[in-house]
Amino acid sequence: MSKVFQATCVSGVVTSQGVAVVGCEILSKGVESSSGILIQDELKAYYLPNATDDLKALIEKMITALTQTSSALTSLDTAHFLLSATGGVPSTPLATSAISAIDSVKADLQTFKEALK
Amino acid sequence: MKVVCRHGHFAFYPFGPSDIGRFNSYFSQTLEMENDYYTFPFLKGAPRTSLQTKPWLGLPAIKNYEGRNAWDVMKENGFVYSIDKKIVVPKASIFVTADIPRASFYYLASTALIQPGCRVITGQQVLSYEGNFDLDQKTLKIRELSFE
C-alpha cells in the first residue's frame, strides 16, 4: 500500500513536507523546477512531476509551427508563378489539399490543448 | 487486558468494560482508542510513513519508509516508546535490563510492562511481546517474546 504526498523538485532535489527527500527516484528528467507528487512505497520513494504545463507549451509550439508552415505553403501555392517566362502562364495551386490537412491537424491540436486535463 | 507490543509500539485490548479504567488508574495513564485497540496518547495517530530527517513523533526519522502500520515505521527507524518518558526514543538509547523468567506456560515479567528495547540476561534486545496483564494481580504474563 503506497502513500502520496505533494512535492516539488528543484535542480534534481525533491522536497516534500518540508524536507529534502533523500534517495528519491525522479520519474522524469528533473531538470527544470516542477511540482508534482511523491509516492512512498515501503522503502522506495518516487517523484512524479505534473507535466501538463510542459505538454501545453509543447502543443502551443507545434500549433505555431504548423500555422507558419501552412501560411508559407499557401503563399507559395497561390503565388501564381509564371510557368514559362515567354508564355506568361501562371501556375495553379497544387497543394491545397495538403495545406488543408495541415490546418486540420492544427485545429485538432488546438482542441486537444483546450481539453488538457 | 491483552498487551501487544510490536516493535516498540503498544496496543491494548481490554477483555471487559472496566479494564481500561482500571488500567488507567493503575498506570496513571489515559489510554486512547485507535482502530480496534487502545494505545498510549503519545502514540495515537502516529503516521505510517517517515521521511529521513523529518521529525516522526518528535524524533528525526532515519529512513524514508511507508508501511501498513505505525509500528512498521518504528521498526524501520529503530524507535521504541519509552514507558517512563512517555515519548518515542531510539531503541539504542534503552539500557535497562529485564528479568523475564519462564513460568509454566508463559514468561512472567518482573515489571508491569516491559520496556521495549530492554535487554534480557543473555543480552538480546526485546522489541516485541504479547501477553496478558492481570489487573487483579498486577502481573504481566507473556506468551510470546521477540528479540532484535
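The shown structure was predicted, so the numbers you read here are calculated from the model rather than taken from an experiment.

A.B. asks: For this particular structure, what's the right way to read the confidence of the model for chain B?
C.D. replies: Close inspection of predicted coordinates is inappropriate for parts of the model with low pLDDT. Here chain B shows a mean pLDDT of 94. Residues at 70 or above account for 100%. Taken together, the chains of this predicted complex give a pTM of 0.78 and an interface ipTM of 0.77.

A.B. asks: Hey, could you run me through the interface of chain B and chain A in this one?
C.D. replies: Note: interface size is frequently given as the accessible area lost on complex formation between the parts. Counting residues at the interface gives 13 residues for chain B and 16 residues for chain A. Regarding the contact of chain B and chain A, the summed buried area is about 1300 Å², with carbon and sulfur atoms giving 56% of it. Summed over the three residues of chain B that lose the most area to chain A, namely B:L51, B:N64 and B:E66, the buried surface amounts to 44% of that side. Where chain B touches chain A, the interface holds zero salt bridges. Remark: the boundary between chain B and chain A carries four residue pairs in polar contact (both at pLDDT 80 or more). Listed by contribution, the elements that provide at least two residues to the side of chain B that touches chain A are β5 (49–50) and β8 (65–66) of chain B. Within the side of chain B that touches chain A, the residues separate by chemical class into two nonpolar, five polar and six charged.

A.B. asks: Is there a simple way to think about the packing of helix α1 (residues 52–77) of chain A against helix α2 (residues 96–114) of chain A in this case?
C.D. replies: Each packed pair of helices is defined by two parameters, the angle between the axes and the distance between the axes. Residue and element names in this part refer to chain A. At their nearest, the axes of α1 and α2 sit 9 Å apart, and the two run at 160° to each other. Between α1 and α2, the interaxial angle falls into the category roughly antiparallel. Note that α1 runs across α2; the crossing there is left-handed. Residues K56, I59, E60, M62, I63, L66, T67, T69, S70, L73, T74 and D77 of α1 form the contact with α2, whose own contacting residues are T96, I99, I102, D103, V105, K106, L109, Q110, F112 and K113. Across the contact of α1 with α2, the residue classes tally to 10 nonpolar, six polar and six charged.

A.B. asks: Quick question: what am I supposed to make of helix α2 (residues 70–77) of chain B here?
C.D. replies: In an α-helix there are 3.6 residues to a turn, and that puts residues three or four apart on one side. All names here are of chain B. Across the eight residues that make up α2, a large majority, seven, are buried. Turning to α2, its buried residues are A70, W71, D72, V73, M74, E76 and N77. G78 sits one or two residues past α2 and shows a positive phi near 70°.

Cut-offs used in this document
- Residues numbered from 1 in each chain as written.
- Chains lettered and ligands numbered in written order.
- Predicted model: local features only at pLDDT ≥ 70, side-chain atom pairs only at ≥ 80, totals over all residues.
- Heavy atoms only, no water.
- pLDDT = per-residue confidence, 0-100.
- Contact = heavy atoms within 4.5 Å.
- Buried area = accessible area lost by both parts, 1.4 Å probe.
- Salt bridge = Lys/Arg side-chain N within 4 Å of Asp/Glu carboxyl O.
- Polar contact = N/O pair within 3.5 Å; in protein donor to acceptor, adjacent residues only side chain to side chain.
- Helix = DSSP H or I, 4+ residues; strand = E, 2+ residues; numbered from the N terminus.
- Nonpolar A, V, L, I, M, F, W, Y, C, P; charged D, E, K, R; others polar.
- Axes fitted to C-alpha atoms, helices over the stretch in contact; angles between N-to-C directions.
- Parallel < 35°, antiparallel > 145°, perpendicular 65-115°, else oblique.
- Left-handed = near helix turned anticlockwise from the far one by under 90°.
- Buried < 20%, exposed > 50% of the residue type's maximum accessible area, 1.4 Å probe, protein only.

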